[in-house]
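Fold and geometry: a report
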Amino acid sequence: MTAENRPAPISEDERKGRITRLRVAMQAAGANALLLGSTTSLAYFTGLVWHPSERLVGALITADRLIYIAPAFEVSKIETLERIDGDIAAWEEHEDPAALVAKLAGQGRTLALDDALPFFAYSALARQFAPERLTDGGPMISALRAVKSPAEIALMQYAMDATLAVHKRVHALIEPGIRASEVVRFIDETHRALCGSGSTFAICSFGAATALPHGVDEDQTYAEGDIILVDTGTIVGGYQSDMTRTYVKAEPSAEFARIWGIEREAQQAVFDAARPGVPAEVLDEAARRVIAAHGLGPDYQLPGLPHRAGHGLGMDIHEAPFIVRGNAAPLEPGMCFSNEPMIVVPKAFGVRLEDIIHMGESGPVWFTKPGKSPTEPFA
């Protein structure tokens, strides 16, 4: 990986195209305006990245205007940040930003809300708009964000390549006596060295702690023969990576090898079921059929799969589409999601093999190839 092959950032033209498509969706939903908060959707549509706080900073999108909403004392900073052009409407500390939004949106107009807005913002807006004039903008936002462009997929691929390289170096690093905290620190430092961004998260579990999907709080020490689970990701150009490997660096027990094989079979069943037009829940069902056929489960029972088979990935580590029972939304080309039907054997171990898929025109494509065996975690 080099700076020379790092993909270009999302262009201003692409962001403007997103806003154009959003306006079409707003019109179809009967919304006159949509308010974005200090969320990843603000960055998705405008390029402006702003850390959320108790003050409302966001953007109001109407049929013909893009208006940034900000405290007056922050305007000079916003003017220095990367963003597509738009007006800036400021509010002073003693003023109600919700009243400013209402004035800009217009009396009697319908306002759609970014579903990641905090409740305090909704509460203030509810005092300015009649209840029927506030609508959920989440469905239209997530529908647009769920389908990635080639530029987005290129950034994710670069991030995934970096995380795969980190996993390989971690595999070589782990020896008896090393602490999980040392591994986590190494993961962060290696991500930074490879792509300029640290880890967005890192889980390193040994032995029975691998049965806990999100690990334990205490700092474990690796002993020879322990099962190892490492789950981590980074961010490149605003887009996430996510990958998990579970393996041993010794001769595996017969039971661990058996469960590892079932996990890999279930993961492959998810991949094989993924086709454009197929409801997302079908993929979750495919994993559970494999697991149940081996006498595990069924449903969420343990030993078995205690959670959904996957989640969407993009600017957020968890976003649409969710690969879960009850989600009848059809898969579309450009959608990206994890494939991780983890198998948990309580108080013994867990096996999670997680790779990310993006949907092509005719079927699924791996960002990274699945692991090879319980002792060979890389293809």
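Provided above is the structure to which this section pertains.
Here's what I pulled together on the structure shown here. All residue numbers refer to position in the chain's written sequence, counted from 1. In view of the model being predicted, local features appear only for residues whose pLDDT reaches at least 70, and side-chain atom pairs are presented and counted only at 80 or more, with totals across whole chains, interfaces and linings using the full set of residues. With hydrogens and water excluded, all non-hydrogen atoms of the structure serve as input to the side-chain values.

Of regular secondary structure, the protein chain possesses ten helices and 17 strands. Whereas a compact globule of 379 residues would reach a radius of gyration of roughly 21 Å, the protein chain reaches 23 Å, a difference of no more than 12%. Each principal axis of the C-alpha atoms in the protein chain carries an extent, and together these give about 70 × 40 × 40 Å. Burial here depends on accessible area, computed with a 1.4 Å probe over protein chains only, as a share of the maximum for the residue type. Under 20% is buried, over 50% is exposed, and the range in between is partly exposed. Going through the 379 residues of the protein chain one by one, you find that 52% of them count as buried. Sequence-distant contacts in the protein chain: of pairs separated by 6 or more residues, those separated by 24 or more amount to 65%. Of the side chains in the protein chain, 34 bear a positive and 49 a negative charge, and the two mean positions are spaced by 2 Å. Secondary structure elements are defined from DSSP: runs of H or I of at least 4 residues count as helices, runs of E of at least 2 residues count as strands, and each element is numbered from the N terminus. This radius of gyration counts C-alpha atoms alone. The globule rule is 2.2 Å times how many residues there are, raised to the power 0.38. Contact between two residues is taken to exist if any of their heavy atoms lie within 4.5 Å; hydrogens are not considered. Charge convention: Lys and Arg are scored as positive, Asp and Glu as negative, and His as well as the terminal groups of each chain are ignored. Here the site of a charge means atom NZ of a Lys, CZ of an Arg, CG of an Asp or CD of a Glu.

Turning our attention to the sheet that holds strand β1 (residues 33-36). The sheet built from six strands is open, its strands ordered β4-β3-β2-β1-β5-β6 with mixed pairing. Pairing within the sheet leaves two strands with one partner each, and these edge strands are β4 (87-91) and β6 (134-136). The mean angle between the axes of side-by-side strands here comes to 30°, regardless of whether they run parallel or antiparallel. Relative to strand β5 (residues 111-113), β1 is paired through three bridges, and the arrangement is parallel. The residue of β5 that forms the bridge with Leu 35 is Leu 113. In the packing of helix α6 (residues 138-146) onto the sheet, the strands contacted are β1, β5 and β6, and the crossing angle to β1 comes to about 75°. The pairing criterion is simple: DSSP has to find at least two bridges between the two strands. For helices, the axis comes from a line fit to the C-alpha atoms of the stretch in contact; other axes are also lines fit to C-alpha atoms, and the angle between any two N-to-C directions lies between 0 and 180 degrees.

Here we take up the environment of Arg 169. Take Arg 169: it is sitting in helix α7 (residues 150-173). Put simply, Arg 169 and Phe 186 are 17 residues apart on the chain and 9.2 Å apart in space, counted from C-alpha to C-alpha. Beyond its immediate stretch of four places on either side in the chain, Arg 169 contacts Phe 186, Thr 190 and Leu 194.

Our focus in this paragraph is unusual backbone geometry. Here the amide bond leading from Leu 302 into Pro 303 is cis, since omega sits at 0°, within 30 degrees of zero. Inspection of the secondary structure assignment puts Pro 303 in the loop between α10 (280-293) and β11 (310-312). A cis amide bond links Ala 320 with the next residue in sequence, Pro 321, at an omega value of 0°. With respect to the element layout, Pro 321 can be found in strand β12 (residues 319-323). Phi angles above zero are rare outside glycine, and Asp 299 is one such case at about 55°. Counting through the fold element by element, Asp 299 comes out in the loop between α10 and β11. The partly exposed category is assigned to Asp 299, whose relative accessible area is 40%. For Lys 347, which is not glycine, the phi dihedral falls at a positive 65°. By the secondary structure assignment, Lys 347 is in the loop between β14 (343-345) and β15 (349-351). Residue Lys 347 is classed as exposed on the basis of its relative accessible area of 82%.

Put simply, buried Ala, Val, Leu, Ile, Met, Phe, Trp, Tyr and Cys residues joined by side-chain atoms within 4.5 Å make one nonpolar core. Core analysis: the biggest nonpolar cluster contains 57 residues, and Leu 22, Leu 34, Phe 45, Val 170, Ile 174, Val 183 and Phe 206 have the highest contact counts within it. No other element matches α7, which puts ten residues into this core. Not counting residues up to four positions away in its chain, the partners in contact with Phe 45 are Arg 15, Arg 18, Ile 19, Leu 22, Leu 36, Ile 84, Ile 141 and Leu 144. In this structure, Phe 256, Ala 280, Val 345 and Phe 349 belong to the second largest nonpolar core, which totals 35 residues.

Another aspect to go through is the pattern of salt bridges. Salt bridge, as used here: a side-chain nitrogen of Lys or Arg that lies within 4 Å of a carboxyl oxygen of Asp or Glu. For the coordinates displayed, the defined rule picks out 20 salt bridges. Where Arg 65 meets Asp 87, a salt bridge forms, and the shortest distance between an N and an O atom there is 2.9 Å. Linking Arg 65 in the loop between β2 (58-62) and β3 (66-71) with Asp 87 in strand β4, this pair joins segments that are 22 residues apart in sequence. Residue Arg 65 is classed as partly exposed on the basis of its relative accessible area, which comes to 36%. Where Asp 316 meets Arg 145, a salt bridge forms, and the shortest distance between an N and an O atom there is 3.1 Å. Residue Asp 316 is found in the loop between β11 and β12, and its partner Arg 145 is found in helix α6; the two are separated by 171 residues along the sequence. Counted as one network, the salt bridges with shared partners bring together Arg 145, Lys 148, Asp 316 and Glu 319.

Each Phe, Tyr or Trp ring (for Trp, its six-membered ring) is paired with any other whose centre lies within 6.5 Å, and the angle between the two planes then decides the class: stacked below 30 degrees, edge-to-face above 60, tilted in between. Going through the model one piece at a time under the given rule, you end up with five aromatic pairs. Judged by centre distance (4.4 Å) and plane angle (5°), the rings of Phe 271 and Trp 366 are stacked. Of the two residues, Phe 271 sits in helix α9 (residues 254-273) while Trp 366 sits in strand β17 (residues 364-366), which places them 95 residues apart along the sequence. Counting as a charge over the ring demands two things of the Lys NZ or Arg CZ atom: a distance within 6 Å of the ring centre and an angle within 35 degrees of the ring normal. Over the ring of Tyr 44 we find Arg 18; its NZ or CZ atom is 3.9 Å from the centre of that ring. Note that Arg 145 overlies the ring of Tyr 44, its terminal NZ or CZ placed 5.8 Å from the centroid.

Everything listed here is a matter of coordinates, which is why it stays silent on function.
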